[in-house]
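Now for the letters of each chain:
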Amino acid sequence: FFLTEKMMTEIPGQALPITAVQVSVCALICMIWCFSESWMGTPGAEHYALPGLFTDPSIQHVAGAVFWTGLITTALNRFVETTALGKISSAEASVILATEPLWAALF
C-alpha cells in the first residue's frame, strides 16, 4: 500500500494506469503458475483453456466465475483501493482493510 499511496500522492489522476500495471502483474504471475503446474500439457485438459470455457457447454458456468473473479473481485477492487489510497494514508487503509473479516461476519 505504501508504494501505491506514494504514486497516487505524486500524480493523483493516475489510478487507472497504476491499477492496469498491478492487474497485469497479477495476470502474469497467474499465467506462470498455470504453466508451472503443467495442466496445460495434460491430455484432455484443453477444454479448460480460455476458448474451451466458452465452447464446452458442460463448463460454461466456469467462464462466468473467471470473468467475475478477474474483472470484479480483482480489477475493480484494485482500482477502488488505488483511488482510495490517493485520498487516505496507507496506515488508515490498512486499518480499514483489517476490519474486512468483521464485516464478512456481519453480512
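What counts, and where the lines are drawn
Residues numbered from 1 in each chain as written. Predicted model: local features only at pLDDT ≥ 70, side-chain atom pairs only at ≥ 80, totals over all residues. Heavy atoms only, no water. Buried < 20%, exposed > 50% of the residue type's maximum accessible area, 1.4 Å probe, protein only. Helix = DSSP H or I, 4+ residues; strand = E, 2+ residues; numbered from the N terminus. Arc of directions from axis to C-beta. Phe/Tyr/Trp six-rings, centres within 6.5 Å; stacked < 30°, edge-to-face > 60°. Salt bridge = Lys/Arg side-chain N within 4 Å of Asp/Glu carboxyl O. Patch = residues over 30% accessible without salt bridge, like charges linked within 9 Å, V, L, I, M, F, W, Y side chains within 5 Å. Areas by Shrake-Rupley, 256 points an atom, 1.4 Å probe, with all protein chains shown as cover. pLDDT = per-residue confidence, 0-100. Axes fitted to C-alpha atoms, helices over the stretch in contact; angles between N-to-C directions. Left-handed = near helix turned anticlockwise from the far one by under 90°. Contact = heavy atoms within 4.5 Å. Nonpolar A, V, L, I, M, F, W, Y, C, P; charged D, E, K, R; others polar.

Asks: Would you mind going over helix 1 (residues 2–10) in detail, with residue names and values included?
Replies: Residues of helix 1 that are buried include every one of T4, E5 and M8, and no others. Buried residues along helix 1 cover an arc of 100° about the axis, so they all sit on one side. Opposite the buried face of helix 1, by more than 90 degrees, sit the exposed residues F2, L3, T9 and E10.

Asks: Explain the packing of aromatic side chains to me, using residue names and the numbers behind them.
Replies: Applying the stated criterion to the full structure yields one aromatic pair. On the numbers, 6.2 Å between centres and 10° between planes, the contact of W103 with F107 is stacked. Comparing W103 with F107, the two get one shared label, exposed.

Asks: Would you mind going over the pattern of salt bridges in detail, with residue names and values included?
Replies: Summed over all chains, the structure comprises one salt bridge. Residue R78 is joined to E81 by a salt bridge in which the shortest nitrogen-to-oxygen separation is 2.5 Å. Here R78 and its partner E81 are both found in helix 4 (residues 60–85), three residues apart, which amounts to about one turn of the helix.

Asks: Describe a nonpolar patch on the surface, and please don't skip the residues or the numbers.
Replies: Taken together, the side chains of L16, L76, F79 and V80 make up a nonpolar region of the molecular surface, amounting to roughly 360 Å² of accessible area. Counting residues per element, the nonpolar patch draws most heavily on helix 4, which supplies three residues. Checked against the element boundaries, L16 lands in helix 2 (residues 15–37). In this structure L16 comes out as exposed when scored by relative accessible area, which is 58%.

Asks: Lay out the confidence of the model for the protein with the relevant residues and their values.
Replies: Taken as a whole, the protein shows an average pLDDT of 80; of its residues, 81% reach a score of 70 or greater. Ranking the helices and strands of the protein by mean pLDDT puts helix 6 (residues 100–106) first, with 88, and helix 3 (residues 50–55) last, with 68.

Asks: A description of the packing of helix 1 against helix 4 should follow, citing residues and the corresponding values.
Replies: Taken N-terminus to C-terminus, the directions of helix 1 and helix 4 make an angle of 60°; their axes are 8 Å apart at the nearest point. Both helix 1 and helix 4 take part in a crossing whose hand is right-handed. Residues T4, E5 and M8 of helix 1 touch helix 4, and the partners they reach there are R78, T82, T83 and L85. Tallied by class, the residues present in the contact of helix 1 with helix 4 amount to two nonpolar, three polar and two charged.

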